[in-house]
Each structure stands twice: as structure tokens, then as C-alpha cells.
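For reference, the chains in residue letters:
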Amino acid sequence: MARFLSQLKSMHRVSRLLLWVCALMTMLPLHAEYGDVVLNRRAEKEGMPPVIYPHWFHRIRFRCKVCHFELGFEMRAGSNDVTMQDIIDGKFCGMCHNDEVAWGVENCDLCHSGRPGMKSHIYGGHQTAGPGIW
Amino acid sequence: MVLEAAGRWRPLANDNLHDPESPAIGVLQEPAEALSQLPPDTSGNLVNWVKALEEGKINPRTNIRPETKVRIRDTDVLMTETGEMPVVRFPHKAHTMWLDCSNCHEQYFISKVGANPINMLKILEGKYCGRCHGAVAFPLTECKRCHSVPRNKIKP
């Protein structure tokens, strides 16, 4: 009986610890910012760190339609085959990242700033981690 | 205030995406600096983006090329086949403030009421509304923002 009680007590302790861990996890933002995109279709193959594209930063300054309509970015992470030559030629990111609207292509490190080994994907989740197809 | 904001939005150096050693850290704007200034929300970026736009807190550019036609549509669509959930009201206005018609039509949504066999499973898979909601627009845990019209308020 005493053994059973002590087992029950230790189980209670473990479950309380688990509860604390869960509470802490909901309090702390454990992910990247919602809508952050990693672009690594070509970057690492060509010797550069992955690109991180923050939706939150860009949507303060541009409506979705600028990139997804005028510039022709398909709305699926990793589905746009963008080369640095395209960007230098003023296509895709290069429409703005040309030292006129925004910083130019000589600032490699500002976009190519991701940790190594990440796949092209939409990251960041607050309550949902993004839809299944991504 | 700064401490509180820093707790709500994770710093770039610590976001599991950026390389903490990258020279970009310290140059790029931190999420907390920008997002703490905008109308708050309880999910996603913790910013009510539609409100931010409506209240003029942000004024994002609508086009880069001067010849681009900026199209806005101001009609609502009611989606009534929602089982026991309240009816969905889709506001074209809030969507076309951000997006062009061609972003959804005809590639994801056919422009005809009743022509799109949408259900929540498909949305959770990232199809239809799930192309953006759950990825960049408010997440799919916000049921009542779309399922917003009680069935008894719908005129027969």
C-alpha cells in the first residue's frame, strides 16, 4: 500500500513537471516569426547560406500583390526557381533589391543569413505550424 | 515595454532560422521593434494586419510599375454549407486590399458561387483558403473570424 502511494506520488510529481513544461512552451515563442520562409533551392548547392525571407517585414512596406502578382512569385515556398542572375537582371527580388528601392545584391549576407542545412519551407507558427503541403 | 515586446517576438539571433553568427544580425530590423507598434492580435505575427492597414498604421505600396492596375472589389460571399458551424462570410474588400484577383482566381478558386468544393481538411492541407491562412495570414485556429455569421441571421 505504502509502495503504491509513493508510486502515485512520483507520478503526480512527473505530471506536474510535464504541466510546467507545457505551460512554459505556450508562453515562449519557440518558432521563427510567423510566415518566415527559408529559400534553399539553390543557395547551399552554390556555396551560400540559405536565404531567409520575412513576410512580416515586407508586408509592412508592400502589399502581397506586389510580389505575388507584379513580380510573379508563386505562393508556395520553394516553387520559385530564382537565380542570382535573375535578381541582377531586375526580376523577382531584383525588382526592388537594386540599391534604389531596397539594398542591392552586393549585400549578400543580409539575405543569405540562414543556418546551414535548412530546407525550403514556410516556417514560424503561432498555434498552427503551417499547412500540410508546405 | 521593450522587455515585454522582446518576450512576445523572438529575436532574430535566437529564432532557429538565422545563423546567430551572421553579419545580418544587428543590421536587419528585429520583429519586436516593428510589430510592437501595430494593432495587436492573439495569433500569427500577433498583429492585426487588416486593422493596421485600415487605420493607416501602415501604408504598404500597391504596385511598383506605374502601369499596373490596382484592383479592389467590395462584395461579400457567404458560404453556407458549413455543417453545424456558423456560415462563412468572405470579404472581398479585406482580401483585395492586399491581393490581386488573379492570386486566387481562377487558379485556386473558380469565380462562381458553389463551384468550389472547399472543406476544412483541404484547407488544413494548404489548399483553397489554406494557401495563405495557416501560413502567412491569420491561422486556422481562428475559427470564428471566418465562421462569423450565425445561421439564423441568414435571409432565406
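Note that the structure is predicted; figures quoted are calculated from it, not measured.

### Re the interface of chain A and chain B
Each side of the interface is counted separately: chain A has 43 residues, and chain B has 46 residues. Mapped by element, the contributors of at least two residues to the side of chain A that touches chain B are β1 (36–39), α2 (55–61), α3 (64–70) and α5 (108–111) of chain A. Of the residues belonging to the side of chain A that touches chain B, the class tally is 23 nonpolar, eleven polar and nine charged.

### Topic: the sheet that holds strand β1 (residues 76–79) of chain B
Residue and element names in this part refer to chain B. Strand order in the open sheet formed by three strands is β1-β2-β3, with antiparallel pairing between adjacent strands. The sheet is open, and its two edges are formed by β1 and β3 (147–149), each paired on a single side. Ignoring which end each strand starts from, the neighbouring axes of this sheet average 55° apart. Note that β1 and strand β2 (residues 87–91) share four bridges and pair antiparallel. For Asp76, the partnering residue across the bridge sits in β2 and is Pro91.

### A few points about the sheet that holds strand β2 (residues 51–54) of chain A
Hydrogen bonds between backbone groups are what pair the strands of a sheet, and the pairing can be parallel or antiparallel. Residues and elements named next belong to chain A. Spatially, β2-β1-β3 is the arrangement adopted by the three strands of the open sheet, whose pairing is antiparallel. With partners counted over all chains shown, the strands left at the sheet margins are β2 and β3 (121–122), one partner each. In terms of strand pairing, β1 meets β3 through two bridges, oriented antiparallel. Bridge assignment links Val37 to a residue of β3, and that residue is Ile122.

### As for the domain arrangement of chain B
All names here are of chain B. For chain B, the domain assignment lists domain 1 (2–54) and domain 2 (76–153). Between the C-alpha centres of domain 1 and domain 2 the distance comes to 27 Å. Across the contact, four residues belong to domain 1 and six residues belong to domain 2. Its residues placed into classes, the side of domain 1 that touches domain 2 shows two nonpolar, two polar and no charged.

Definitions and limits used
Residues numbered from 1 in each chain as written. Chains lettered and ligands numbered in written order. Predicted model: local features only at pLDDT ≥ 70, side-chain atom pairs only at ≥ 80, totals over all residues. Contact = placed C-beta atoms within 7 Å. Helix = DSSP H or I, 4+ residues; strand = E, 2+ residues; numbered from the N terminus. Nonpolar A, V, L, I, M, F, W, Y, C, P; charged D, E, K, R; others polar. Pairing = 2+ DSSP bridges. Axes fitted to C-alpha atoms, helices over the stretch in contact; angles between N-to-C directions. Domains from an automatic or database assignment.

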